[in-house]
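# Chains, contacts and geometry: an overview
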2 protein chains.
Amino acid sequence: MLSKNFLAKIPQLMQTNDLMEKIVSLCKRRGFIFQSSEIYGGLNGAWDYGPLGAELKRNVKNAWWKAVVHEREDIVGLDASILMHPRTWDASGHTANFADILVDCKKCNNRFRQDHLKGKCPVCGANDFTEGRAFNLMFKTQVGAVEDEKGICYLRPETAQGIFVNFANVLDSTHRRLPFGIAQIGKSFRNEVTAGNFIFRCREFEQMEIEYFTKPADAEECHKAWIEARFNWYLNLGIKKENLQLRVHDKDELAHYAKGCSDIEYNFPFGWSELEGIANRTDYDLKQHSQFSGKDLQYQDPVTNEKIFPYVIEPSGGVDRATLAFLVDAYHEETVNEQTRVVLRFSKELAPIKVAVLPLLKKNADIVALAKNIKKDLQKSFSCVYDDTAAIGKLYRRQDEVGTFYCVTVDVDSLEDKQVTVRDRDTMTQIRIPVDNIKQYLAEKF
Amino acid sequence: MLSKNFLAKIPQLMQTNDLMEKIVSLCKRRGFIFQSSEIYGGLNGAWDYGPLGAELKRNVKNAWWKAVVHEREDIVGLDASILMHPRTWDASGHTANFADILVDCKKCNNRFRQDHLKGKCPVCGANDFTEGRAFNLMFKTQVGAVEDEKGICYLRPETAQGIFVNFANVLDSTHRRLPFGIAQIGKSFRNEVTAGNFIFRCREFEQMEIEYFTKPADAEECHKAWIEARFNWYLNLGIKKENLQLRVHDKDELAHYAKGCSDIEYNFPFGWSELEGIANRTDYDLKQHSQFSGKDLQYQDPVTNEKIFPYVIEPSGGVDRATLAFLVDAYHEETVNEQTRVVLRFSKELAPIKVAVLPLLKKNADIVALAKNIKKDLQKSFSCVYDDTAAIGKLYRRQDEVGTFYCVTVDVDSLEDKQVTVRDRDTMTQIRIPVDNIKQYLAEKF
């Protein structure tokens, strides 16, 4: 029997599923996100970013890099390889522990995660399963021409370890003093048994991770500061406050070495879900790699000469999840002139297209030439498009739907008064600006 | 016996090997490039980009994206996944043909590329080999929880196919007309039997590829235009003309479907080698994918309604190779005051650090505070560093060696006259600029 609680939720669930469907559909129709290898039936857990999605994702990554590397004094970047020496994963614990327990139904032979089963087989209804066995989530491959144990390699399941194994190299080449951090953006791979929720849980995904090294005594303060900094990053890029929350992990959720972890969660249409985890990993990783590699990965204080293993604060975010949150949060419907206007209210930093230049009459060669000239001039500074394939009302709606910040329209008057109309995406107000001032006007806006 | 020719070349060879060694050493010492998983003995054919290398590589990729996507009217971006449906590689021909022929020495059991062998085994000297067998260069892995044929997946050996399988999706979402192109940057993987020459030939590498779709009748002209455009891209970013050449492929080098291919080659210390290939791939790829997927991947002319398979011009460059070429080309030694000055003469667009802010006296708190303030202000616009860990002469050399464009020095006078010294990397000339004008002054330079 359906509970009262559930019945009460139905309208809300319908609305949110509806929202997710609208976003997935808009993403495909307008070229944000496509199913990977769709013409061959797709590949589960992998997605391709189309022309607008590639720009949006680039903007998310660039905003992160700017905020955590370029605009800080204490962080440097890194770009480590996806294939790493397999001992890395022995040291990190992934070879032994990064696994789900799977069972097979003895009747229909389907395979399930043991922790997801509630009694009988969800496919055939039988209740007879094999013993659970550990299924490692790392993708395995073979490097080199000889197929043997020595050539086994894994696709990294996280970018973090690429930072830890480079700790000494970064220290030696930059002469950094504690506290300092190393930031990295890159692809990771997990052979998830169940991928899902669009680009939220993928087998191939992109991470943006920081390992921030600090003196053990300062770690707790530092952890707090990072939680705040990362929370604000999402707010600054336009996420609505009411859609963002912090969830402190219970003690029994923590890895044995971790001293604390907080998740930044977003209110997705499918429920509150993790965007980013910020953990205090103590000195676990550097100690493990020291032990497994035989290299001394301690930090030596240049003044006191004291050697210590620093503590590590790790803000670990998902690029695809963040992109999805920005998409969901930007999605807005309103009624204008009795028609539905869909607007993606992206922040200025994230909007895939900053300016669209539109000719009012595509049959007037002078208008078209002027519009194309303006576009050519603007594209050196902003991501721009030119579009003349519909009437102006439709062109505006098209740009609203993908979050274009400003539309610049060239009309017959423009040829006379050398002015163009600039339309604001959110307010839809229009003002006239001299053609010669357009670049400067927009430069001040971005 | 050594030939006269070879003997004559020895001084030049020693010099060039020396140059490569210097660059590899500088890259490690200053944090451009490290061996992957070095603390575990490294992973052959994979490299990690350190703090400065990550910035340099980002700049190379951003310069490419700006030139081929943002500053053109006819190209859109894409970011497809590394894991693709395996049928993709049946259609592209990689499953059947992307292989080297390997043989084993029957005496010492070592494995070699047949086409590299010259008679006897280079390890033990025996001359008894097994039959050659095809070794596919694609990395294989298993997707999903069930290990069977259906789950076999490959790491993409090129980004190009991610574009072809998305051709219809991009067309449907952008309503582009011929000619137009799709550009993509991303990692690819090839299980090379012999990787080498630093980051030149890797098993994990990054590509920047364009597939440019055009009417068959225009393909030849279009091919020429792309060769020129791509050649100029390297020149515009500072590569010396004498170090760049074009090599037209002979007919017998071409893939059976290709109508022509030209390589842009760089004069590396290890010889002229390919930076980028620009091929006329005809309509081969779209036809193959149409046939294998059963989807109609023809382009329909919106005016005449005529359906055709467009021809494809493919400028396919390597990010790592380009980065190495920019490093080698920038490397410069000169004698200044009887000491060797090493300078990386990167172009303004590529220099990993644009501005270094340096206090002349680190013990003067006012100078340090002013310098840090200037850095904080500048970092919003440029990639900046602050350094006070040595005397000014050494600080300058340090920045020269990594290609920092300008050094801004704060001295005692600065506290009085509110001016700072700006030093040019290449000319080493110094001028005084008011602190208030510094940002504007530099903005005009970049």
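The structure displayed is predicted, hence computed values, not measured ones.

Reading guide: rules and limits
- Residues numbered from 1 in each chain as written.
- Chains lettered and ligands numbered in written order.
- Predicted model: local features only at pLDDT ≥ 70, side-chain atom pairs only at ≥ 80, totals over all residues.
- Heavy atoms only, no water.
- Helix = DSSP H or I, 4+ residues; strand = E, 2+ residues; numbered from the N terminus.
- Contact = heavy atoms within 4.5 Å.
- Areas by Shrake-Rupley, 256 points an atom, 1.4 Å probe, with all protein chains shown as cover.
- Lys, Arg positive; Asp, Glu negative; His and termini not counted.
- Charge placed at Lys NZ, Arg CZ, Asp CG, Glu CD.
- Least-squares fit on C-alpha atoms with pLDDT ≥ 70 in both.
- Buried < 20%, exposed > 50% of the residue type's maximum accessible area, 1.4 Å probe, protein only.
- Pairing = 2+ DSSP bridges.
- Domains from an automatic or database assignment.
- Buried area = accessible area lost by both parts, 1.4 Å probe.
- 1 Å grid on protein atoms, 1.4 Å probe; cavity = no way out; pocket = protein on both sides within 12 Å on 5 of 7 lines; lining within 4 Å.
- Points joined across faces, edges and corners; volume = space filled by probe spheres on them.
- Patch = residues over 30% accessible without salt bridge, like charges linked within 9 Å, V, L, I, M, F, W, Y side chains within 5 Å.
- Salt bridge = Lys/Arg side-chain N within 4 Å of Asp/Glu carboxyl O.
- Core = buried A, V, L, I, M, F, W, Y, C linked by side-chain atoms within 4.5 Å.
- Phe/Tyr/Trp six-rings, centres within 6.5 Å; stacked < 30°, edge-to-face > 60°.
- Axes fitted to C-alpha atoms, helices over the stretch in contact; angles between N-to-C directions.
- Nonpolar A, V, L, I, M, F, W, Y, C, P; charged D, E, K, R; others polar.

### Topic: the overall build of chain A
Helix and strand counts for chain A come out as 13 helices and 23 strands. Considering only intrachain contacts with a sequence separation of at least 6, the fraction spanning at least 24 residues in chain A is 63%. Accessible area of chain A: about 19,800 Å², with a carbon and sulfur share of 48%. Side-chain charges in chain A split into 60 positive and 63 negative, and the spacing between the mean points of these groups amounts to 3 Å.

### A look at the relation of the copies chain A and chain B
Superposition of chain A onto chain B requires a rotation of 180° combined with a translation of 0.0 Å along the rotation axis, giving an RMSD of 0.0 Å. Given the turn and translation reported, the copies of this chain are related as if by a two-fold rotation axis. Scanning chain A for the C-alpha nearest the rotation axis identifies threonine 141 of chain A, at a separation of 2.6 Å.

### Describing the pairing of strand S3 (residues 75-78) of chain B
A regular strand places its side chains so that they alternate between the two faces of the sheet. Residue and element names in this part refer to chain B. A two-sided burial pattern is seen for S3, the buried positions comprising Ile75 and Gly77 on one face and Val76 and Leu78 on the other. With 4 bridges joining them, S3 and strand S9 (residues 180-189) adopt parallel strand pairing. For leucine 78, the partnering residue across the bridge sits in S9 and is glutamine 184.

### Some thoughts on unusual backbone geometry
Proline 179 of chain A follows leucine 178 of chain A through a cis peptide bond whose omega is -10°. One can find proline 179 of chain A in the loop between helix H6 (167-174) and strand S9 (180-189). Residues other than glycine seldom take positive phi values, yet methionine 428 of chain A does so here, at roughly 60°. Examined against the element boundaries, methionine 428 of chain A turns out to sit in the loop between strand S22 (419-424) and strand S23 (430-434). We classify methionine 428 of chain A as partly exposed; its relative accessible area is 25%. Of note in the backbone geometry, threonine 282 of chain B takes a positive phi value of approximately 55° without being a glycine. For threonine 282 of chain B, the position within the fold is in the loop between strand S13 (271-280) and helix H8 (284-293). Residue threonine 282 of chain B is classed as buried on the basis of its relative accessible area, which comes to 7%.

### Re the domain arrangement of chain A
All names here are of chain A. Its domain assignment divides chain A into domain 1 (4-88 + 142-327), domain 2 (99-136) and domain 3 (353-445). Placing a centre on the C-alpha atoms of domain 1 and another on those of domain 3 gives a separation of 38 Å. Facing the 6 residues of domain 1 at the interface are 5 residues of domain 3. With both sides pooled, the region where domain 1 packs onto domain 3 buries about 500 Å², and carbon together with sulfur makes up 50% of that total.

### Here we look at the pairing of strand S4 (residues 99-104) of chain A
All names here are of chain A. Sheet topology places S4 next to strand S6 (residues 133-136); 4 bridges connect them, and they run antiparallel. Counted as the bridge partner of isoleucine 101 is alanine 134 from S6. Note: S4 against strand S5 (residues 111-113), 3 bridges, orientation antiparallel. Each bridged residue has a counterpart across the sheet, and for leucine 102 the counterpart in S5 is arginine 113. In textbook terms, the turn of a hairpin is the stretch between consecutive antiparallel strands, and for S4 and S5 this stretch comprises 6 residues, one of which, asparagine 109, has a positive phi near 70°.

### Quick word on the layout of surface pockets
Approximately 2,100 Å³ is the volume attributed to the largest pocket. What lines the largest pocket is a set of 43 residues, and nearest its centre among them are Lys66 and Ser381 of chain A together with Lys66, Lys380 and Ser381 of chain B. The biggest single contributor to the lining of the largest pocket is helix H2 (residues 51-70) of chain B, with 8 residues.

### A few points about a nonpolar patch on the surface
Residues and elements named next belong to chain A. Among the surface-exposed residues, Leu360, Leu361 and Val412 lie close enough to one another that they form a single nonpolar patch of about 240 Å² accessible area. In this fold, leucine 361 is placed in the loop between strand S19 (355-359) and helix H10 (365-378). Since its relative accessible area comes to 42%, leucine 361 is described here as partly exposed.

### Here's the deal with the pattern of salt bridges
All names here are of chain A. Taken as a whole, this structure holds 78 salt bridges over all chains when the rule is applied. Note that arginine 247 and glutamate 253 form a salt bridge whose closest N and O atoms lie 3.0 Å from each other. Each of Glu334, Arg341, Arg345, Arg397, Asp400, Arg423, Arg425 and Asp426 takes part in a single network of salt bridges with overlapping partners.

### Observations regarding the nonpolar core
Phe32, Trp64, Trp233, Tyr234, Phe326, Leu378 and Ile438 of chain B are the most contacted members of the largest nonpolar core, which has 80 residues in total. When we break this core down by domain, the ones giving at least three residues each are domain 1 (4-88 + 142-327) and domain 3 (353-445) of chain B. Core analysis: the next-biggest nonpolar cluster, separate from the first, contains 77 residues, Leu26, Ile227, Ile278 and Leu324 of chain A among them.

### Quick word on the interface of chain A and chain B
Across the boundary between the two partners, chain A contributes 78 residues, which contact 78 residues of chain B. Buried surface at the junction of chain A and chain B, summed over both partners, amounts to about 6,600 Å²; 55% is from carbon and sulfur atoms. Among the residues chain A hides against chain B, the three largest losses belong to Ile39, Tyr40 and Asp79 of chain A. Together they make up 12% of the total. Seen at the junction of chain A and chain B, the total is 6 salt bridges. Salt-bridge contacts for lysine 376 of chain B lead to glutamate 73 of chain A; the nearest nitrogen and oxygen are separated by 3.7 Å.

### Some remarks on the packing of aromatic side chains
Residues and elements named next belong to chain A. Tallying each qualifying case throughout the model produces 40 aromatic pairs over all chains. Between phenylalanine 200 and phenylalanine 270, the ring centres sit 5.3 Å apart and the planes meet at 65°, which makes this aromatic pair edge-to-face. Linking phenylalanine 200 in the loop between S9 and strand S10 (204-214) with phenylalanine 270 in the loop between strand S12 (260-268) and strand S13 (271-282), this pair joins segments that are 70 residues apart in sequence. With a relative accessible area of 7%, phenylalanine 200 lands in the buried category. Aromatic pair tyrosine 406 and phenylalanine 446: ring centres 5.8 Å apart, planes at 80°, arrangement edge-to-face. Placement of the pair is tyrosine 406 in strand S21 (residues 406-410) and phenylalanine 446 in the segment after helix H13 (438-445), with a sequence separation of 40 residues.

### Considering the sheet that holds strand S19 (residues 355-359) of chain B
All names here are of chain B. Ordered by their spatial adjacency, 5 strands build an open sheet running S20-S19-S21-S22-S23, and the pairing between neighbours is mixed. What marks the edges here is a single partner per strand, and that holds for strand S20 (384-386) and strand S23 (430-434). Averaged over all neighbouring strand pairs, the angle between strand axes comes to 25°, with direction disregarded. Note that S19 and S20 share 3 bridges and pair parallel.

### Some words on empty space enclosed by the protein
Counting across every chain of the model gives 5 cavities of 30 Å³ or more. Empty space within the largest cavity amounts to approximately 650 Å³. Surrounding the largest cavity, 29 residues form its lining, Lys61 and Glu206 of chain A together with Lys61, Ile185 and Glu206 of chain B being those nearest its centre. Of all the secondary structure elements, the ones that give two or more residues to the lining of the largest cavity are helix H2 (51-70) and S9 of chain A together with H2 and S9 of chain B. Surrounding the second largest cavity, 13 residues form its lining, Trp47, Tyr49, Lys187, Glu204 and Asp320 of chain B being those nearest its centre. Mapped by element, the contributors of at least two residues to the lining of the second largest cavity are strand S2 (47-49) and strand S10 (204-214) of chain B. Its residues assigned to classes, the lining of the second largest cavity comprises 7 nonpolar, 1 polar and 5 charged.

### Thoughts on the sheet that holds S5 of chain A
All names here are of chain A. As summarised here, the arrangement of the 3 strands in space is S5-S4-S6, forming an open sheet in which the pairing is antiparallel. Every interior strand has two partners, whereas the edge strands, S5 and S6, have only one. Each neighbouring strand pair of the sheet contributes to a mean axis angle of 45°, computed without reference to strand direction.

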